[in-house]
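So the chains spell out like this:
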Amino acid sequence: METPRHRIGRRSFLTASLGLTGAMVVAFNWPDSRMGSADAAPRIFQPNAFISIGADGLVTLVMPFVEMGQGTYTAVPMLIAEELEVDLASVRLEHAPADEKRYGHPLFGSQITGGSGTIRGAWEPMRKAGAAARMMLVAAAAREWKVDASTCRASNGEVLHPSSGRKLGYGQLAAKAAVLPVPDQITLKPASAFTLVGTSAKRLDVPAKVNGSARFGIDANPPGMKIAAVAACPVFGGRLAEVDESKARAIKGVRKIVRLDDAVAVVADHTGAARKGLAALAITWDNGSNAAFSTAAWEGQLTEAMRGKGVVALDEGHFAGHRASGAKTVDAVYTMPMLAHATMEPMNCTAHVHKDGVELWVGTQAPARCQAFVAEALGVDPARVKVNNHLVGGGFGRRLEADYAVQAAQIAKQLPYPVKVIWSREEDIQHDIYRPFYRDELSMTLDAKGAAVGFSHRLAGSSVVARYAPAWIAKGIDPDAVEAAETPYDLAHKYVEFIAVEAPVPTGFWRGVGPTHNCFVTECFIDELAHAAGQDPVAYRRAMLIKTPRARQVLEIAAQRAGWGRKLEPGTGMGVALANAWGSFAASVVECTVDKDGNIALKRMTTVVDCGQVINPNGVIAQMEGGQIYGLTAALYGKLTIENGRIMQGNFHDYPLIRIHEVPQLDIHLVHSSESPGGTGEIGTTVTAPALANAVFAATGKRLRTLPLTPDALQRI
Amino acid sequence: MAITLNVNGKDRRVDVDGDTPLLWVLRDVLEMTGTKFGCGMALCGACTVHLDGQPIRSCSTPVESIGKGRITTIEAIGATAAGQRIQAAWIKHEVPQCGYCQSGQVMSACALLAANPTPSDTDIDAAMAGNLCRCGTYPRIRAAIKSAAGADTKG
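Values in this document were obtained by computation on a predicted structure and should not be read as measured data. (Residues numbered from 1 in each chain as written. Chains lettered and ligands numbered in written order. Predicted model: local features only at pLDDT ≥ 70, side-chain atom pairs only at ≥ 80, totals over all residues.)

### Quick word on the overall build of chain B
Regarding its fold elements, chain B presents five helices and five strands. Along chain B, helices and strands appear, N-terminal first, in the series β-β-α-β-β-β-α-α-α-α. A compact globule built from 155 residues should have a C-alpha radius of gyration of about 15 Å, and chain B, at 15 Å, falls within 12% of that. Overall, the C-alpha framework of chain B stretches about 45 × 30 × 25 Å when taken along its three principal axes. Taking all 155 residues of chain B together, the buried fraction comes to 59%. (Helix = DSSP H or I, 4+ residues; strand = E, 2+ residues; numbered from the N terminus. Rg over C-alpha atoms; globule rule 2.2 N^0.38 Å. Buried ≥ 20, exposed ≤ 12 C-beta atoms within 10 Å, placed from the backbone.)

Have a look at this one:
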């Protein structure tokens, strides 16, 4: 399906790439370039682009994307270095400041890192930025030598004039290149000429991450800083009624108790005292109107809403008419639980509200959103909110939000010094912005021979986009909610309808977003149909992928590498799933055993991905490993429940994450492709749960139409 | 109360309540932020440090319980033989993704290797099962420990 977001994306891309290219050109911000000019008076440096090259020849890239583990601090510099003709090791990175205009994502229009979009967005503009800079450096050298630029070439940070043997380093040329006109025509290298792109260049962020020197938001330490522990009302929408702080104030190191409308914070010299102080508060909450809300109530809302009509996102081949003609139909209902992100670095933000504005120290996927939301909450000009971004200790969509920054700023507003607000793990899980609860009604019509011909997918749940980015809604359709809902299969009739149902629970993007939800339900349903038809699940899918050869290919290779079809021990099963999203294709085969008590043990996972042109193969493999393991947690454990308006889970004992001894051998294979790069940050998560659920069915004959796949759930069938 | 802690070979005097978890003394009082906070309940291992060479969860270790014990943190583990091998293997295998849990992973792995130079898969699972990684670096952690152990047997 051509989703509205894709269409929006292409429009923004054109605008943004021009903007980006223009910006890069003015990026040559060398102080030297202003020397001798009439207005040589010192000016405040306003970084307005991506690249600068110093007189020392070092290249500094102002990174518009954040590093949250996905390797973007390596892959994006590789794109620049490839065209600029410099050694990757000579590229220095700086976190971009909050600036939607200058550092907005080419696909999404706002300054966010997510949506498996960094490489897709950076691929062309970043190479153009590098190429433009290189052409200007070559032109500067040619002018210096009074030769034609075409007789010069760039290599390893130098411009060479081979016929005379002369050469000049980029550092020597930087100031002169800066004042030259920007080339109108930028020609990018063909893939055959790549020397860096496509290689497993070493990640630039690894050394600091093995010796404790890497700085995350939680490590910020501006002078005079105190630390706060915070508790927000455990009931969604509730308020703070009263606080008895007498015991907390008596604790050594506690400085102040700060009250917000919906939370209370204890400010202290160190986190230990702040947490001890928080535990010593006697807090009375006004639970408000959601005190009776529960997961069961939410499920009831969705079931009820599905009796009504939602927004039709797709109707190819007039499904309703086709179904009314009397075709045999198979139906199934699936649900998916709400989930927390559980980043290893709990939410935190350091804020200082001073006479000139606000300064934030934070690790965020959305710096400009933090800036805008803090500005609005405090009633200050966004230009007066400075965001110092950091390495992100796990994002997965959670740090696309700004709630933690707003809360920290509101606390800081009541203090004369900077304050670092650190959420406990319980606070982090009970005040997440959650992956929504979903309900899906699926139908497939069959022709006289039993072949699938018409597919209907009605889904109900919260519209994340309607809250997060209303501008992405096009023709009333939330493009994320329905992404991949229609399956990649060749079917004459396809119908997708989304019924948006909002609960009093904040909902947000969670690794894999719409496709991860939709792929689970559709890939399990397709599996049901294959088994019902007495067909092999791989062959069944392959026969419906004539129009999508890239999908067919990953499926075939995965089946082959996994030894699909070989005889397995009793209690062992293999399941397959296929995903097509973010411009990439992936197929996974999971092999597992299930014992008589329903305990699932993973044996092997074989995954094949075609993400087009690969920038850094080892980086893609790491993302696939990580995405799949993230998906395993959701498949085996992920479930939050609400009772009395509050989340019932709070830490890793009741919201477990998968551990090392449970993770099987992963075989990940990349298909060689020259298509444009697709995203790989999420597709591993997307294919994992359905492949495992289908493997559990193969092992047990039991079909679970929800997650997680627990022994209890299996025993109830 | 005034407490003297031996951290990375140096005596450090701090003035905090005796029940203060070691983690916060390291991070906030001594400003050594390499050790991380993840759960506060010894469930995730992000705060792992060594006490006399043994891995402990600093988030659940009151400073008053440490006495004359010698604390080693991620900032100094590279000075040990096991630390050097583990850090080199972590770099070679490009283990970290977001990196937040990796201080704890490295500390647990170093304690394992110091105690057991040739750990089996089962030994690795047992030693590392207390360290959560949300990015899913487990396969590389396993490979890196094996690689570091291999270097040990050869050298």
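Past the structure itself, the notes keep going.
### Considering the overall build of chain A
When helices and strands are counted, chain A shows 20 helices and 26 strands. Structurally, chain A occupies a C-alpha span of about 80 × 75 × 45 Å along its principal axes. Buried positions account for 56% of the 717 residues belonging to chain A. For chain A, contacts bridging at least 24 residues in sequence account for 77% of all contacts bridging at least 6. (Contact = placed C-beta atoms within 7 Å.)

### Some points on the nonpolar core
All names here are of chain A. In this structure, Leu137, Ala228, Ala265, Val266, Leu360 and Ala405 are the most contacted members of the largest nonpolar core, which totals 280 residues. No other element matches helix α4 (residues 118-145), which puts 14 residues into this core. Once residues lying within four places of it in the same chain are set aside, the contact partners of Val266 are Ala228, Ala229, Ala248, Val254, Ile257, Ala274, Gly277, Leu278 and Leu281. (Core = buried A, V, L, I, M, F, W, Y, C linked by C-beta atoms within 7 Å.)

### Regarding the interface of chain B and chain A
Accessible area lost during the coming together of the parts is what is often quoted as the interface size. The partner chain A presents 51 residues to the 46 residues of chain B that form the contact. Counting only elements with at least two residues in the side of chain B that touches chain A, the list comes to α1 (22-29), α2 (81-92), α3 (102-115), α4 (121-128) and α5 (138-154) of chain B. Looking at the side of chain B that touches chain A element by element, the count peaks at four residues for α5 of chain B.

### Brief notes about the pairing of strand β2 (residues 59-63) of chain A
Residue and element names in this part refer to chain A. Of all five residues in β2, four are buried; the element is thus mostly enclosed. Relative to β2, strand β1 (residues 51-53) runs antiparallel, the two being bridged by three bridges. By the bridge assignment, Ile53 is partnered in β2 with Val59. Linking β1 back to β2 in an antiparallel pair, the connection comprises five residues, with Gly57 at a positive phi of about 85 degrees. Of the pairings in the sheet, the one linking β2 to strand β3 (residues 91-95) comprises five bridges and is parallel in character. The residue of β3 that forms the bridge with Met63 is His95. The β-α-β motif built from β2, the intervening helix α2 (residues 72-84) and the parallel element β3 has right-handed crossover chirality. (Pairing = 2+ DSSP bridges. Right-handed = clockwise from strand over helix to strand, strands pointing away.)

### With respect to the packing of α3 of chain B against α4 of chain B
Helices that pack against each other are described as a pair by the angle of their axes relative to one another and the distance between those axes. All names here are of chain B. Following both chains from N to C, one finds α3 and α4 inclined at 135 degrees, their axes separated by 9 Å at the closest point. Relative to α4, α3 is oriented oblique. As α3 runs across α4, the sense of the crossing is right-handed. Facing α3, whose interface residues are Ser108, Ala109 and Leu112, α4 presents Asp123, Ala127 and Met128. Its residues placed into classes, the contact of α3 with α4 shows four nonpolar, one polar and one charged. (Axes fitted to C-alpha atoms, helices over the stretch in contact; angles between N-to-C directions. Parallel < 35°, antiparallel > 145°, perpendicular 65-115°, else oblique. Left-handed = near helix turned anticlockwise from the far one by under 90°. Nonpolar A, V, L, I, M, F, W, Y, C, P; charged D, E, K, R; others polar.)

### A word on the pairing of strand β1 (residues 2-7) of chain B
Residue and element names in this part refer to chain B. Here β1 runs beside strand β2 (residues 10-15); their pairing, made up of six bridges, is antiparallel. Pairing of Leu5 across the sheet is with Arg12, part of β2. In this antiparallel pair of consecutive strands, β1 and β2, the connection spans two residues, and Asn8 shows a positive phi of 50 degrees. With two bridges connecting them, β1 and strand β5 (residues 70-72) associate as parallel partners. Each bridged residue has a counterpart across the sheet, and for Asn6 the counterpart in β5 is Arg70.

### Concerning the sheet that holds strand β9 (residues 254-259) of chain A
All names here are of chain A. Taking strand neighbours across the sheet as the criterion, the seven strands line up as β9-β10-β7-β17-β14-β15-β16 in an open arrangement whose pairing is mixed. Two strands bound the open sheet, and with one partner strand each, they are β9 and β16 (385-389). Taken over all neighbouring pairs, the strand axes of this sheet differ in orientation by 20 degrees on average, direction set aside. Those strands touched by helix α11 (residues 367-378) are β14 (348-354), β15 (357-362) and β16, and its axis lies near 145 degrees from that of β16. In the packing of helix α12 (residues 403-412) onto the sheet, contacts are made with β7 (226-232), β9, β10 (263-268), β14, β15 and β17 (419-422), and the angle to β14 comes to roughly 40 degrees.

### Here we look at the domain arrangement of chain B
Residues and elements named next belong to chain B. Looking at chain B, the domain boundaries give domain 1 (2-72) and domain 2 (78-154). Once you take the C-alpha centre of each, domain 1 and domain 2 turn out to be 21 Å apart. At the interface, 14 residues of domain 1 touch eleven residues of domain 2. Elements that contribute at least two residues to the side of domain 1 that touches domain 2 include exactly β3 (48-51) and β4 (54-57). Here the residues of the side of domain 1 that touches domain 2 are counted per class, giving five nonpolar, eight polar and one charged. (Domains from an automatic or database assignment.)

### Comments concerning the environment of Gly136 of chain B
The topology assignment puts Gly136 of chain B in the loop between α4 and α5. Looking at Gly136 of chain B, the number of C-beta atoms within 10 Å reads 27, which means it is buried. For the pair Gly136 of chain B and Cys39 of chain B, spaced 97 residues apart in sequence, the C-alpha to C-alpha distance is 18 Å. Residues contacting Gly136 of chain B, with those up to four places away along its chain left out, are Glu625, Gly626, Gln628, Ile629 and Tyr630 of chain A.

### Quick word on the domain arrangement of chain A
Residue and element names in this part refer to chain A. We note that the domain assignment places domain 1 (4-197), domain 2 (221-289 + 344-430) and domain 3 (306-326 + 434-716) within chain A. With 14 residues of domain 1 at the interface, the matching set in domain 2 holds 15 residues. Considering only residue class, the side of domain 1 that touches domain 2 consists of five nonpolar, six polar and three charged.

### Here's the deal with unusual backbone geometry
A cis amide bond links Leu707 of chain A to the next residue, Pro708 of chain A, at an omega of 0 degrees. Counting through the fold element by element, Pro708 of chain A comes out in the loop between α19 (683-700) and α20 (711-716). For Lys146 of chain A, which is not glycine, the phi torsion reads 55 degrees and is therefore positive. Positionally, Lys146 of chain A belongs in the loop between α4 and β4 (153-155). Phi is positive for Ala42 of chain B, which is not a glycine, with a value near 55 degrees. Residue classification places Ala42 of chain B among the partly exposed positions, given that 18 C-beta atoms sit within 10 Å.

### Side note on the confidence of the model for chain A
Keep in mind that low pLDDT regions are not for reading the predicted coordinates in detail. On average, chain A scores 91 in pLDDT, and the residues at 70 or more come to 93%. Below pLDDT 50 for its whole length, residues 1-48 of chain A participates in 73 contacts with residues either more than four positions away or in separate chains. (pLDDT = per-residue confidence, 0-100.)

### Describing the sheet that holds strand β5 (residues 158-161) of chain A
Residues and elements named next belong to chain A. A sheet is described by the order of its strands in space; here three strands give the open sequence β4-β5-β6, paired in antiparallel fashion. On the outer flanks of this sheet lie β4 and β6 (166-169), each paired with one strand and no other. Shown here is a sheet whose adjacent strand axes are inclined to one another by a mean of 30 degrees, direction ignored. When β4 meets β5, the two strands line up antiparallel, connected through three bridges. Each residue of the ladder has a partner; that of Ala154, found in β5, is Val159. Contacts from α4 reach β4, β5 and β6 within the one sheet, and its direction differs from that of β5 by about 45 degrees.

### Focus on the environment of Val387 of chain A
Residues and elements named next belong to chain A. In this fold, Val387 is placed in strand β16. For the pair Val387 and Ala55, spaced 332 residues apart in sequence, the C-alpha separation works out to 28 Å. With residues up to four places along the chain from it excluded, the contact list for Val387 reads Pro97, Ala98, Leu360, Val362, Pro367, Cys370 and Gln371.

### A few points about the environment of Gly461 of chain A
Residues and elements named next belong to chain A. If you trace the backbone, Gly461 turns up in strand β19 (residues 452-461). For the pair Gly461 and Tyr417, spaced 44 residues apart in sequence, the C-alpha to C-alpha distance is 42 Å. Here Gly461 is in contact with Leu302, Pro436, Phe437, Tyr438, Arg439, Ala481 and Val501, once residues within four sequence places are set aside.

### Examining the packing of α4 of chain A against helix α5 (residues 170-178) of chain A
Residue and element names in this part refer to chain A. Where α4 meets α5, the axes come as close as 9 Å, and the angle between the chain directions of the two elements is 90 degrees. As judged from the angle between their axes, α4 and α5 are roughly perpendicular. Of α5, the residues touching α4 (which contributes Met136, Leu137, Ala139, Ala140, Ala141 and Glu144) are Tyr170, Leu173, Lys176 and Ala177. Of the residues belonging to the contact of α4 with α5, the class tally is eight nonpolar, no polar and two charged.

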